[in-house]
Amino acid sequence: MPRLQRILALAVAAGVVAFAGTAPAAAPKVQPYGWNTVEVLGGGFVSGVVYHPTEKGLVYARTDIGGAYRLDRTTGRWVALNDALPRADGQLAGALSLAVDPRDPDRLYMAAGEYTRPGARGGAVLRSTDRGATWAKTELPVGIGGNEDGRNTGERLMVDPAQGAVLFLGTKEGLYRSADHGATWSRVEAFPRLHVTLVAFDPVMKTKTGETAILYAGVAGERGGGLLVSTDGGATWGLVTGQPKGLVPHHLAIDAKGVVYIAYGNGLGPNDVTDGAVWKLDPDTGAWTDITPVKPQGTDVFGYGGLSLDPAHPGTIVVSTLDRWAAGDDVFRSTDGGRSWKALREKSEHDTGGAPWVRSLESKTGRAMGHWIGDIDIDPTNPDEAIYVTGYGLWRTTNLTEADRSGATHWRFDDEGLEETVALELVSPPGEPLISTIGDIGGFRHDDLDRAAASRYFDPHGGTNRGLDYAALKPQVLVRTSDPTPTAGFRSTDGGRTWTPFAASPPRDAHIHTGRIALSADGARMVWAMRNAAPYVSSDDGSTWRPVQGVTKGERPDFTPASDRVNPLRFYVYDAAQGAVLASADGGETFKVTARGLAGGGPLKAVPGIEGEVWLPTSQGLMRSTDGGAGFKAVAGVDDAGLVGFGKAAPGQAHPAVFVWGKVGGVEGVFRSDDVGKTWIKLHDQRWGFAELRALTGDPNRYGRVYLGVHGRGILYGDPSPAKN
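Description of the structure in this document.

Criteria and thresholds
- Throughout, a residue's number is its position along its own chain's written sequence, starting from 1.
- Where totals are concerned, whole chains, interfaces and linings use all residues; where local detail is concerned, this predicted model gives features only for residues with pLDDT of at least 70, and gives and counts side-chain atom pairs only at 80 or more.
- Based on all heavy atoms of the structure, the side-chain values leave hydrogens and waters out of the count.
- The definition of a nonpolar core used throughout is a set of buried Ala, Val, Leu, Ile, Met, Phe, Trp, Tyr and Cys residues joined through side-chain atoms within 4.5 Å.
- Relative accessibility under 20% of the residue-type maximum defines a buried residue, over 50% an exposed one, and the middle range a partly exposed one, all with a 1.4 Å probe and only protein chains included.
- Runs of H or I in DSSP of at least four residues are treated as helices and runs of E of at least two as strands, each being numbered from the N terminus.
- Two residues qualify as a contact provided that any one of their heavy atoms is within 4.5 Å of a heavy atom in the partner residue.
- Cavities and pockets were defined on a 1 Å grid built over protein atoms only: a cavity is a set of grid points that admits a 1.4 Å probe from which the probe cannot escape, a pocket is an open set flanked by protein on both sides within 12 Å along at least five of seven lines, and lining residues are those with an atom within 4 Å of any such point.
- Grid points are joined across faces, edges and corners, and a volume is the space filled by probe spheres set on the points.
- Residues are grouped as follows: nonpolar covers Ala, Val, Leu, Ile, Met, Phe, Trp, Tyr, Cys and Pro; charged covers Asp, Glu, Lys and Arg; every other residue, Gly included, is treated as polar.
- A pair of strands is treated as paired once DSSP finds two or more bridges between them.
- Angles here are taken between N-to-C directions and fall from 0 to 180 degrees, while the axes themselves are lines fitted to C-alpha atoms, restricted in helices to the stretch in contact.
- The term salt bridge refers to a pairing of a side-chain nitrogen on Lys or Arg with a carboxyl oxygen on Asp or Glu at a separation within 4 Å.

1. Concerning the nonpolar core
Logical step 1: Core analysis: the largest hydrophobic core is formed by 34 residues, its most contacted members being Trp357, Trp411, Phe413 and Ile441.
Logical step 2: Of all the elements in the fold, those that place two or more residues in this core are α2 (357–361), β29 (376–378), β30 (386–390), β33 (423–427), β34 (434–438) and β59 (714–720).
Logical step 3: In terms of residue count, α2 provides more of this core than any other element does, 3 residues in total.
Logical step 4: Apart from residues no more than four positions distant in its own chain, tryptophan 411 is found in contact with Leu344, Ser348, Glu349, His350, Asp351, Ile376, Ala386, Tyr388, Trp395, Arg396, Thr397 and Leu400.
Logical step 5: In terms of nonpolar packing, the next biggest core, distinct from the first, is built from 17 residues, Leu92, Ala95, Met110 and Leu126 among them.

Here's what the structure looks like:
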């Protein structure tokens, strides 16, 4: 047999992948959709808060992977400001620093980017003249690490209070300056190539050109950090003499007399800070004074993160501890410039508001204030209001000065609208509500999409939950996987209301990444593939596990299992490393390769109600099999696909509606097809970019509804907008 015929014969035996065969799909139309947030409230690290110094009530919050927010004082809700970011700009949701213009409250700037490592998207400065409603973008020649160590420090992006067109930006590679409202940037060559943690202006002097003359910059180096100063508008810099050694400036504030207050840690944070202090500097005399409220010692090790002054009351200052894991983090307040302090935690009251799950998450002794308090800010226009941040949201008080009387400050988890979670899997079983697994905090049975308080938080929550599946023929039976728990998984027989841990788990690697799990249509069997491991199967509700047969682990194993939604004995596995699909007809005990040539794809999804039909999103398009994975054909018009899901069929249609996140007809977005991929409808306009999706599913109970797990932006649900008369 000639070589070419032999290759073709082998391809037929392994399963044919066809990339053509139907006419190109028409360009997608746009259908108006209404998008809403599935309320969780908070859930991720709010890394900083910025108040406008003069505009009453104007305040912003920044997050490490979920963009920036502005508080709407009328509704009491936080408004997301970066929902329009497209897929290519997904990493710009890392808000490393925010800056407001003291003279123009409509101007807002954001240093954007998540990582500085090789292969990451480059950093950018986003510029707004309408308080974040719309943005212009300037690319930077340096990376921005909004989700890296040090993101809790700052602010490192600042506007000159004397010249609004002048901005300075601190990066991991030194200091940059703009003289045109952030449109262009150049490196300050006189500044060392060090990691800049903060920038601050002292408006006491001006240069000949009218700019603020005195600037401070905090830096971190191999041997701790320090404070640098410039007296000529940033042209030249020198190290401030007499300062504490070996500590990194986290936050800095300057009072009306020019006295500088600094919170220090011995690392960048938000983790691994084991020492710290609070000092103040009198620039007129050069004298430094140690005003640390409580010094770390013995097993009580920690640093100091947040610091803020009350401009209306000289000498009033608040600071927060950081990484005080043994005794619990606290906030301290002084009204005499740091000579004496009052700890707030013991007498503080904390109202979880609409997020009762918060207390279940932070149930350890000493966690009343929360953890990772990397920033705290007093409203400069209202001495009674302050906000501090944590690893799962923010807390706000409106009676801060009560600390000076009874000491009983009242804090509320004011996170309405602020949704910074990463939903790693979403399922919508027939007859049941949406169920989610979420990084860090666990997951929910969302009995009420609009109210977290009316939904059921997983108990036990299990920290980071990843895999999630339901039994198609018994929708109340579900399983989920949980990284830090002893047996790494749970089972529910009542639709996710209650959960029972597995009795055992497959072998687990040192990283405890529990991967994905598939549950058979009748709920009797599970196939589970942890990260960097071959799949295992269980037929006794997780009491015992055994390796599946026929799956080759390889050097870089990456397996995603899926169950057939009709036949309980059929399972599928997508082998991402080999670009292959494997199928099992004996309940997941043994698998055989059925198709190859499917690189850059996953996760595989089986179609509800149709035996043997599976769809695979790939970088080469959306692939469909109707014969149990033996052969795949490309769905015409879909250029690439990141996720696929299924929902209730359109009226008059038998096949479930298909939802896809990817590119259709050269257009990027989220799409729906009611006719099995013949035509596609785009479900949003330019106001939504859905920067990066981690999960997607349709709703089998309501036609047109789709759920999206947006990386760092929580869970969104969309419905077709009512037709206008």
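There's more to say after this.
2. Some details on the layout of surface pockets
Space left empty within the atom packing is revealed by a probe, the size of a water molecule, rolled over the atoms.
Logical step 1: Counted as a void, the second largest pocket has a volume near 990 Å³.
Logical step 2: Forming the boundary of the second largest pocket are 38 residues, of which Gly391, Gly439, Asp440, Ile441 and Thr464 lie nearest the centre.
Logical step 3: Residue composition of the lining of the second largest pocket, grouped by class: 12 nonpolar, 14 polar and 12 charged.

3. Quick word on the environment of valine 706
Logical step 1: Note that valine 706 resides in strand β58 (residues 706–710).
Logical step 2: As a C-alpha pair, valine 706 and proline 535 span 171 residues in sequence and 30 Å in three-dimensional space.
Logical step 3: In this structure, valine 706 is in contact with Tyr33, Trp35, Phe659, Leu683, Leu696, Thr697, Gly698, Leu716, Tyr717 and Gly718, ignoring residues within four places of it in sequence.

4. Quick notes on the pairing of strand β13 (residues 167–171)
Logical step 1: Within β13, 5 of the 5 residues are buried, which leaves it mostly tucked inside the rest of the structure.
Logical step 2: Here β13 shows a buried face lined by Leu167, Leu169 and Thr171 and a second buried face lined by Phe168 and Gly170.
Logical step 3: Of the pairings in the sheet, the one linking strand β12 (residues 157–159) to β13 comprises 3 bridges and is antiparallel in character. Considered in β13, the bridge of valine 159 is made with leucine 167.
Logical step 4: Across 5 bridges, the pairing between β13 and strand β14 (residues 174–178) is antiparallel. Following the sheet pairing, phenylalanine 168 is matched in β14 by arginine 177.
Logical step 5: Where β13 hands over to β14, the hairpin turn is made up of 2 residues, counted between the paired strands.

5. Side note on empty space enclosed by the protein
Logical step 1: Applying the stated criterion to the full structure yields 3 cavities of 30 Å³ or more.
Logical step 2: Approximately 140 Å³ is the volume attributed to the largest cavity.
Logical step 3: Asn82, Asp83, Ala691, Val710 and Arg713 are, among the 18 residues lining the largest cavity, the residues nearest its centre.
Logical step 4: In terms of residue class, the lining of the largest cavity is built from 11 nonpolar, 5 polar and 2 charged.
Logical step 5: The volume enclosed by the second largest cavity comes to roughly 70 Å³.
Logical step 6: The wall of the second largest cavity is formed by Leu96, Gly143, Ile144, Gly145, Glu148, Asp149, Gly150, Arg151, Arg156, Thr171, Lys172 and His195.
Logical step 7: Broken down by class, the residue content of the lining of the second largest cavity amounts to 2 nonpolar, 5 polar and 5 charged.

6. Thoughts on the sheet that holds strand β45 (residues 559–563)
Logical step 1: The sheet built from 4 strands is open, its strands ordered β45-β46-β47-β48 with antiparallel pairing. On the outer flanks of this sheet lie β45 and β48 (592–595), each paired with one strand and no other. When strand polarity is set aside, the average angle formed by the axes of neighbouring strands in this sheet is 30°.
Logical step 2: Across 3 bridges, the pairing between strand β47 (residues 580–584) and β48 is antiparallel. Residue pairing in the sheet places valine 581 in a bridge with alanine 595 of β48.

7. Structural notes on the environment of leucine 569
Logical step 1: Here leucine 569 is to be found in the loop between β45 and β46 (571–575).
Logical step 2: By relative accessible area, which is 42% here, leucine 569 ends up partly exposed.
Logical step 3: Distance from leucine 569 to alanine 585, taken between C-alpha atoms, is 5.3 Å for residues 16 residues apart in sequence.
Logical step 4: With near-sequence residues (within four places) excluded, leucine 569 lies in contact with Ser584, Ala585, Asp586, Gly587 and Gly588.

8. Re the sheet that holds β33
Logical step 1: Overall, antiparallel pairing links the 4 strands, which are arranged β33-β34-β35-β36 in an open sheet. The outermost strands of the open sheet, each flanked by one partner alone, are β33 and β36 (456–457).

9. Concerning the pattern of salt bridges
Logical step 1: For the coordinates displayed, the defined rule picks out 38 salt bridges.
Logical step 2: A salt bridge links arginine 713 to aspartate 83, with the nearest nitrogen and oxygen atoms 2.7 Å apart. Separated by 630 residues along the polypeptide, arginine 713 in the loop between β58 and β59 and aspartate 83 in the loop between β7 (77–80) and β8 (95–101) bring together distant segments of the chain.
Logical step 3: Taking the relative accessible area as the measure of exposure, arginine 713 reaches 10% and is therefore buried.
Logical step 4: One network of salt bridges, with partners in common, ties together Arg73, Glu385, Arg396, Arg412, Asp414 and Glu416.

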